[in-house]
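Analysis of the macromolecular model
Next come the chains, spelled out residue by residue.
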Amino acid sequence: MKKIAILGSTGSIGTQTLEVVRENKDIEVLGLAAGKNIELLEQQIREFHPVCVAVWSEGKAEELKVKIADTDTRVVTGMEGLIEIATLEKAEILVTAIVGMIGLRPTIAAIQAGKDIALANKETMVTAGHLIMPMAKEYNVRILPVDSEHSAIFQSLQGNKGNPIHKILLTASGGPFRGKKEEDLLNIRVEDALKHPNWSMGQKITIDSSTMVNKGLEVIEAKWLFDVNVDQIQVVVQPQSVIHSMVEYEDGAVMAQLGTPDMKLPIQYALYYPERRYLPGDRLDFWEMGKLDFEKPDMETFYGLKLAYKAGREGGSLPTVLNAANELAVSKFLKREVKYLEIMEIIEDCMNAHKNIANPSLEQILQTEAETYERIESRR
Ligand code: NAD
Ligand code: MG
């Protein structure tokens with residue numbers, strides 16, 4: 001039996017991870033953590049019988065305790081609770097399906113407790129890749145990518161016997177506003193930005209995909225996961241989302257992973273690596289498809305991507321500023337407190353104001369996050 005815990009079990013990646021668990025009989029869920037949706041969490045507890053679950057707020061945790069009083073599952077709360085789920089004694093793999101840099105401390109705790117990480121929570125890698133990668137080496141744990149592009153790169157590297165990567169070709173759908181210019185984006189509403197052409201995902205990453213900041217975060221994520229510099233990473237718009245990313249070697253050979261847009265594939269691959277198992281679902285039909293398209297990304301309109309390259313190139317605490325500014329700006333956009341284009345303006349403003357700290361510690365990363373939030377709150 002493979003034993004896992006999941007941070008963010010009620011979200012898009014979390015629920016799809018549990019679908020994979022449901023299909024495979026040799027996997028056991030020991031711990032779950034969720035934010036607010038205790039109705040769904042209760043169902044998950046009754047189906048998967050975890051020993052312990054974490055709920056962010058005390059209030060919700062008390063409600064949940066009443067609902068599940070007839071079960072043996074323990075309920076814990078807050079950051080301590082997340083860390084407890086991340087470090088559960090018998091768990092072997094932690095699936096980080098939580099959204100945002102709140103995943104930072106639990107992920108580090110899990111690595112220090114020797115857990116392999118099935119990493120969906122890209123914000124953690126973006127802000128602390130320089131801490132996480134050496135730590136994973138030190139504690140001899142594997143970081144298995146769940147993000148579809150990074151899983152595709154990881155899959156394209158299988159069987160490679162130490163040849164260097166010449167280039168990573170990171171594919172992007174281009175999102176719902178591909179081809180649009182600044183003047184078309186002035187009055188984008190939340191509903192418009194939440195319509196992704198190919199993938200169904202959580203709200204924050206769906207907005208990030210529309211601004212292309214998601215691709216920017218993925219450039220930085222790839223830099224750490226595959227030990228390349230950001231200028232070896234080329235973003236290629238591939239609107240059908242069939243090619244999930246590619247690796248170019250020194251001799252010009254390009255290896256790619258293709259598939260239907262289904263996150264269960266990268267999730268299952270991370271959980272069972274290096275084994276490939278049957279996965280129900282649609283298959284690609286190349287006769288039906290006919291053709292694939294490719295474009296260059298528009299980094300002038302979607303300059304969040306350009307800012308991410310800058311943050312990735314300069315490193316230090318600048319990626320934390322990019323990420324934290326984006327997290328708060330997107331949550332404000334979702335609450336209709338800022339306009340669509342302000343997301344990118346806020347990121348740029350915070351990055352310009354920041355005095356970069358080289359090689360920041362965890363405390364300095366969290367401090368940078370807090371300062372970035374303060375700057376945004378004191379705007380206007
Ligand atoms: P989501 O919003 O659907 O789910 C987030 C989960 O985190 C929920 O279960 C929520 O309850 C939980 N959560 C949020 N705040 C919490 C807190 N304070 N304490 C405990 N739990 C908390 O998000 P998602 O789309 O599943 O994305 C999760 C992560 O995976 C993100 O980092 C995202 O960038 C990454 N990712 C997602 C996809 C996708 O297809 N959805 C693809 C690639 C990468
Ligand atoms: Mg992705």
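Please read all numbers here as calculations on a predicted model, not as lab measurements. (Residues numbered from 1 in each chain as written. Chains lettered and ligands numbered in written order. Predicted model: local features only at pLDDT ≥ 70, side-chain atom pairs only at ≥ 80, totals over all residues. Heavy atoms only, no water.)

Further remarks concern the sheet that holds strand β10 (residues 243–249). With mixed pairing, 4 strands are arranged side by side in an open sheet as β9-β8-β10-β11. The two strands at the open ends of the sheet, each matched to only one other strand, are β9 (233–237) and β11 (254–258). Averaged over all neighbouring strand pairs, the angle between strand axes comes to 20 degrees, with direction disregarded. Packed on one face of the sheet, helix α7 (residues 148–156) meets β8 (165–172), β10 and β11 and runs near 40 degrees to β10. (Pairing = 2+ DSSP bridges. Helix = DSSP H or I, 4+ residues; strand = E, 2+ residues; numbered from the N terminus. Axes fitted to C-alpha atoms, helices over the stretch in contact; angles between N-to-C directions. Contact = heavy atoms within 4.5 Å.)

Moving on: the UniProt feature "binding site: 1-deoxy-D-xylulose 5-phosphate" (unreviewed entry) in the protein. When the UniProt feature table is mapped onto this chain numbering, "binding site: 1-deoxy-D-xylulose 5-phosphate" (unreviewed entry) sits at Lys122, Ser148, Glu149, Ser173, His196, Ser209, Asn214, Lys215 and Glu218. If you take the residues mentioned a moment ago, the ones lining the largest cavity come down to Ser148. Relative to the helices and strands, His196 resides in the loop between α8 (190–193) and α9 (203–211). With residues near it in sequence (within four places) discarded, His196 still touches Ser173, Gly175, Met201, Thr206 and Ser209. (UniProt positions renumbered as here; feature names shortened; annotations may be inferred. 1 Å grid on protein atoms, 1.4 Å probe; cavity = no way out; pocket = protein on both sides within 12 Å on 5 of 7 lines; lining within 4 Å.)

Time to look at the packing of aromatic side chains. Under the counting rule described, the total for this entry stands at 5 aromatic pairs. Judged by centre distance (4.8 Å) and plane angle (45 degrees), the rings of Phe154 and Tyr273 are tilted. In this pair, Phe154 sits in helix α7 while Tyr273 sits in the loop between α11 (264–272) and α12 (286–289), placing the two residues 119 residues apart along the sequence. Relative to Tyr273, the ring of Tyr269 has its centre 5.8 Å away and its plane inclined at 70 degrees; by these criteria the two rings are edge-to-face. Here the two residues Tyr269 and Tyr273 agree in accessibility, since each one is buried. (Phe/Tyr/Trp six-rings, centres within 6.5 Å; stacked < 30°, edge-to-face > 60°. Buried < 20%, exposed > 50% of the residue type's maximum accessible area, 1.4 Å probe, protein only.)

Another point: the pairing of strand β2 (residues 27–34). It is a general feature of regular strands that their side chains alternate between the two faces of the sheet. Of all 8 residues that make up β2, 7 are buried, and the element is covered over most of its length. As a crossover connection, the stretch from strand β1 (residues 2–7) through helix α1 (residues 12–23) into β2 is right-handed. The sheet contact formed by β2 and strand β3 (residues 52–55) spans 4 bridges and is parallel. Each residue of the ladder has a partner; that of Ala34, found in β3, is Val55. As for the winding sense of the linkage, the β-α-β connection from β2 through helix α2 (residues 38–48) to β3 is right-handed. (Right-handed = clockwise from strand over helix to strand, strands pointing away.)

As a further point, take the site of ligand 1. Ligand 1 sits among 23 residues. The nearest are Thr10, Ser12, Gly35, Glu123 and Gly202. Within the backbone of Gly8, a nitrogen or oxygen atom sits 3.3 Å from an oxygen atom of ligand 1. Relative to its unbound accessible surface of 820 Å², ligand 1 loses 88% to contact with the protein. Contributions of two or more residues to the shell around ligand 1 are made by α1 and α6 (122–138). Residue classes in the shell around ligand 1 are distributed as 12 nonpolar, 8 polar and 3 charged. (Near = heavy atom within 4 Å. Polar contact = N/O pair within 3.5 Å; in protein donor to acceptor, adjacent residues only side chain to side chain. Areas by Shrake-Rupley, 256 points an atom, 1.4 Å probe, with all protein chains shown as cover. Nonpolar A, V, L, I, M, F, W, Y, C, P; charged D, E, K, R; others polar.)

With that settled, the discussion passes to the coordination of the magnesium ion (ligand 2). Donor atoms from the polypeptide that bind the magnesium ion (ligand 2) are Asp147 (OD), Glu149 (OE) and Glu218 (OE), placed at 2.1 to 2.2 Å. Each donor residue of the magnesium ion (ligand 2) lies on the same chain, and together they follow the pattern D-x1-E-x68-E. Using a relative accessible area of 8% as the deciding quantity, one classes Asp147 as buried. (Donors = N, O, S within 2.8 Å, 3.2 Å for Na, K, Ca; no water.)

Structurally, Pro319 is set in helix α14 (residues 318–334). Classification of Pro319 by relative accessible area gives buried; the value is 4%. On a C-alpha basis, the gap between Pro319 and Arg22 in space is 37 Å, while along the polypeptide they are 297 residues apart. Look past the residues within four positions of Pro319 in its chain and what remains in contact with it is Val126, Thr127, Ile220 and Ala311.

Moving on, we get to the pattern of salt bridges. Should the charged atoms of two oppositely charged side chains come close, the side chains can pair. In this structure the tally under the stated criterion is 31 salt bridges. For Lys204, the salt bridge goes to Glu123, with nearest N and O atoms at 2.8 Å. Taken as a pair, Lys204 in helix α9 and Glu123 in helix α6 lie far apart in primary sequence, 81 residues in all. Residue class for Lys204 comes out buried when judged on its relative accessible area of 11%. The shortest N-O distance in the salt bridge between Glu149 and Lys215 comes to 2.8 Å. Taken together, the residues span a long stretch of sequence, with Glu149 in helix α7 and Lys215 in helix α10 (residues 213–226) at a distance of 66 residues. Given a relative accessible area of 9%, Glu149 falls into the buried group. One salt-bridge network, in which partners are shared between bridges, spans Lys122, Asp147, Glu149, Lys215 and Glu218. (Salt bridge = Lys/Arg side-chain N within 4 Å of Asp/Glu carboxyl O.)

What follows deals with the sheet that holds β3. Strand order in the open sheet formed by 7 strands is β4-β3-β2-β1-β5-β6-β7, and the pairing between neighbours is parallel. Looking at which strands have only one partner, the edges of the open sheet turn out to be β4 (74–77) and β7 (143–145). For this sheet, the mean angle separating the axes of adjacent strands, direction not counted, is 25 degrees. Looking at chain direction, β1 and strand β5 (residues 93–96) are connected through 4 bridges and run parallel. The residue bridging Ile6 from the neighbouring strand is Val95, located in β5. Docked against the sheet, α2 engages β2 and β3, running at close to 175 degrees with respect to β3.

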